Amino acid sequence: MRSSKFVLTSFACLLTFAAAAPVAAQQGEAAIYEPLVDRDARGFKEKKYEKDLTFCRNRAAPQENAARAGAAEAAAGAQQATAGAALATAGNIARYVPVPGLGAANGLWAGGGAAEAAGAAIGSQGAAASAQAAAGADMAASDYRLVVDRCLQRRGYVLLR
């Protein structure tokens with residue numbers, strides 16, 4: 001009886017911690033947006049364009065930082081939702097583990113139900129936080145594209161999209 005509780009508790013903890021383990025964000029130094037410029041236009045010079053593009057990206061740096069931060073928050077919310085789902089699943093499994101004795105069965109049922117409810121609450125909170133952060137990140141990325149595009153247009157470049 002004790003070994004099955006230990007195994008179940010270990011399994012639940014393993015699921016929860018594995019789901020909640022921080023994942024290294026792969027936020028490379030690559031730009032979040034590459035403008036589509038008409039390179040066949042009259043007078044186009046690659047070196048001048050690279051210089052102007054760097055200038056425009058620097059002007060849009062606050063929007064880029066906001067977009068990257070929002071994406072990181074969305075990923076953290078998704079991890080929280082995954083951890084909550086794992087905890088709810090472990091709680092549901094715990095409720096149906098056969099144990100001898102009515103007192104032990106009632107205790108395991110109540111504990112499993114509480115873990116399931118807590119996991120569901122944590123999961124839904126994480127999903128909501130992830131959705132809200134993703135919306136903010138999308139808005140910031142859109143603002144970034146707008147700033148870069150307008151800056152390049154003011155410098156005389158023809159944008160194809």
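Values in this document were obtained by computation on a predicted structure and should not be read as measured data. (Residues numbered from 1 in each chain as written. Predicted model: local features only at pLDDT ≥ 70, side-chain atom pairs only at ≥ 80, totals over all residues. Heavy atoms only, no water.)

## Section: the pattern of salt bridges
Okay, so step 1: Taken as a whole, this structure holds 5 salt bridges when the rule is applied.
Okay, so step 2: One salt bridge connects Glu-34 with Arg-57, and the closest N-O pair in it is separated by 2.6 Å. Taken as a pair, Glu-34 in the loop between α1 (2–20) and α2 (46–59) and Arg-57 in helix α2 lie far apart in primary sequence, 23 residues in all.
Okay, so step 3: Note on Glu-34: relative accessible area 42%, which makes it partly exposed. (Salt bridge = Lys/Arg side-chain N within 4 Å of Asp/Glu carboxyl O. Helix = DSSP H or I, 4+ residues; strand = E, 2+ residues; numbered from the N terminus. Buried < 20%, exposed > 50% of the residue type's maximum accessible area, 1.4 Å probe, protein only.)

## Considering the packing of aromatic side chains
Okay, so step 1: Across all of its chains, the model carries 3 aromatic pairs by this definition.
Okay, so step 2: Summarising the aromatic geometry, the rings of Phe-44 and Tyr-157 are spaced 6.2 Å apart at their centres and angled 75° between planes, so their arrangement reads as edge-to-face. Of this pair, Phe-44 sits in the loop between α1 and α2 while Tyr-157 sits in the segment after α4 (102–154), placing them 113 residues apart in sequence.
Okay, so step 3: Judged by centre distance (5.4 Å) and plane angle (70°), the ring pair of Tyr-49 and Tyr-157 falls under edge-to-face. (Phe/Tyr/Trp six-rings, centres within 6.5 Å; stacked < 30°, edge-to-face > 60°.)

## Digging into the packing of α2 against α4
The description of two packed helices rests on the angle between their axes and on the distance between the axes.
Okay, so step 1: Closest axis-to-axis distance for the α2/α4 pair is 9 Å, and the angle between their directions is 140°. Taken as axis vectors, α2 and α4 run oblique relative to one another. For α2 against α4, the interelement crossing comes out right-handed. The segment α2 lies against α4, with Tyr-49, Asp-52, Leu-53, Phe-55, Cys-56, Arg-57 and Arg-59 engaging Tyr-144, Val-147, Val-148, Cys-151 and Leu-152.
Okay, so step 2: Class assignment for the residues of the contact of α2 with α4 results in 9 nonpolar, no polar and 3 charged. (Axes fitted to C-alpha atoms, helices over the stretch in contact; angles between N-to-C directions. Parallel < 35°, antiparallel > 145°, perpendicular 65-115°, else oblique. Left-handed = near helix turned anticlockwise from the far one by under 90°. Contact = heavy atoms within 4.5 Å. Nonpolar A, V, L, I, M, F, W, Y, C, P; charged D, E, K, R; others polar.)

## Let's talk about the confidence of the model for the protein chain
Okay, so step 1: With 82% of its residues at a pLDDT of 70 or more, the protein chain has an overall mean of 81.
Okay, so step 2: Ranking the elements of the protein chain by mean pLDDT puts α1 last, at 48, and α2 first, at 94. (pLDDT = per-residue confidence, 0-100.)

## With respect to the nonpolar core
The tendency in soluble globular proteins is for nonpolar side chains to be buried side by side.
Okay, so step 1: Counting residues in hydrophobic clusters, the biggest one holds 13 residues, and the most contacted among them are Val-37, Tyr-49, Val-148, Leu-152 and Tyr-157.
Okay, so step 2: Put simply, the parts of the chain that give this core at least two residues each are α2 and α4.
Okay, so step 3: Take this core: its biggest share by element is 4 residues, from α4.
Okay, so step 4: Beyond its immediate chain neighbours, meaning those up to four positions away, Val-148 contacts Tyr-33, Pro-35, Leu-53, Cys-56, Arg-57 and Ala-60. (Core = buried A, V, L, I, M, F, W, Y, C linked by side-chain atoms within 4.5 Å.)

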